[in-house]
Structures are given as structure tokens and as C-alpha cells.
Amino acid sequence: MKKISLLVIGLLGFVMLSFAQQKQVEITGEAFLEWKDGDPIATNVNGNALKTNVKDGKYSFTFQIDEPLFLYVVHEKGRGMINLMVSPGEKITISGSIREPEIKGAHLQADLEK
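Residues numbered from 1 in each chain as written. Predicted model: local features only at pLDDT ≥ 70, side-chain atom pairs only at ≥ 80, totals over all residues. Heavy atoms only, no water.

**Q** Describe the sheet that holds strand β8 (residues 101–104), and please don't skip the residues or the numbers.
**A** Sheet architecture is open: four strands sit in the order β4-β1-β7-β8, paired in mixed fashion. Looking along the sheet, the strands with just one partner apiece sit at the ends: β4 (58–64) and β8. This sheet shows a mean twist of 15° between the axes of neighbouring strands, independent of strand direction. Summarising the sheet, strand β1 (residues 24–30) and β4 pair through seven bridges and their orientation is antiparallel. From the neighbouring strand, glutamate 30 faces β4, where its bridge partner is lysine 58. (Pairing = 2+ DSSP bridges. Helix = DSSP H or I, 4+ residues; strand = E, 2+ residues; numbered from the N terminus. Axes fitted to C-alpha atoms, helices over the stretch in contact; angles between N-to-C directions.)

In C-alpha cells, the structure reads:
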């Protein structure tokens with residue numbers, strides 16, 4: 001009986017963890033030429049400001065959402081901004097240039113750009 005209870009609890013935990021991971025969004029970007037190490041980068045997710053700094057030429061954000069969301073990734077010193085549409089569970093990479101960013105992994109964004 002204990003083994004069955006532990007198995008059920010473990011299975012429920014696994015299902016809940018899997019569901020939570022599906023809502024997580026990861027954005028990883030390479031700093032554009034105008035963006036230097038230490039520069040502040042920000043976005044806003046459902047009214048919550050998320051901030052990070054460029055480090056070793058990269059930046060990243062991780063957050064959870066329940067539905068698709070339009071957001072901006074902004075250089076806080078006015079050196080550019082990228083807008084994109086994200087969906088729960090996406091792992092997004094941003095590279096290229098500020099004028100022509102290459103966004104991979106944002107499926108709705110790809111549909112908007114067609």
C-alpha cells in the first residue's frame with residue numbers, strides 16, 4: 001500500500017512539474033554591437049519588470065506565462081529595442097543586428113513576420 005501511495009504521489013509531482021515547465025519561457029540573446037557588457041536590458045511580463053545586464057556578450061530572461069504575450073526587450077540606455085510575441089514553453093534565441101534581429105523559437109513571431 002505504501003508503494004502505491006508513493007508511486008501516485010511521485011506521478012502527480014511529475015505531472016505538475018511537467019505542466020509548470022510548459023509555461024516557462026526562456027529568452028537568450030547575443031548582445032548587438034551597440035550593447036556592451038554591463039549594459040542594462042529589461043522587459044515587462046504581465047506588469048512585472050524583469051531586468052538583467054549584458055554579460056560576456058549575452059543576456060537572458062526566464063519567466064512563466066499562461067498565454068501568448070507581446071513584449072519588448074529594451075536596452076535601458078536607449079540603444080535599441082526588439083518586440084516579439086512569445087508563447088508558453090518557448091525557448092527563444094535572439095541574434096543578428098538591432099535593425100535586423102534574428103529571432104528563433106518564437107513561433108507566433110514567425111507567423112507575424114510572414
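**Q** Go over the pairing of strand β2 (residues 40–45), please, and point to the residues and values.
**A** With five of six residues buried, β2 is to be regarded as a mostly interior element. The turn joining β2 and strand β3 (residues 48–53), which pair antiparallel and follow one another in sequence, is formed by two residues; a positive phi near 50° is taken by asparagine 46. For β2 and strand β5 (residues 69–75), the ladder comprises two bridges, and the chain directions are antiparallel. Its bridge partner being in β5, alanine 42 is matched across the sheet by valine 74. (Buried < 20%, exposed > 50% of the residue type's maximum accessible area, 1.4 Å probe, protein only.)

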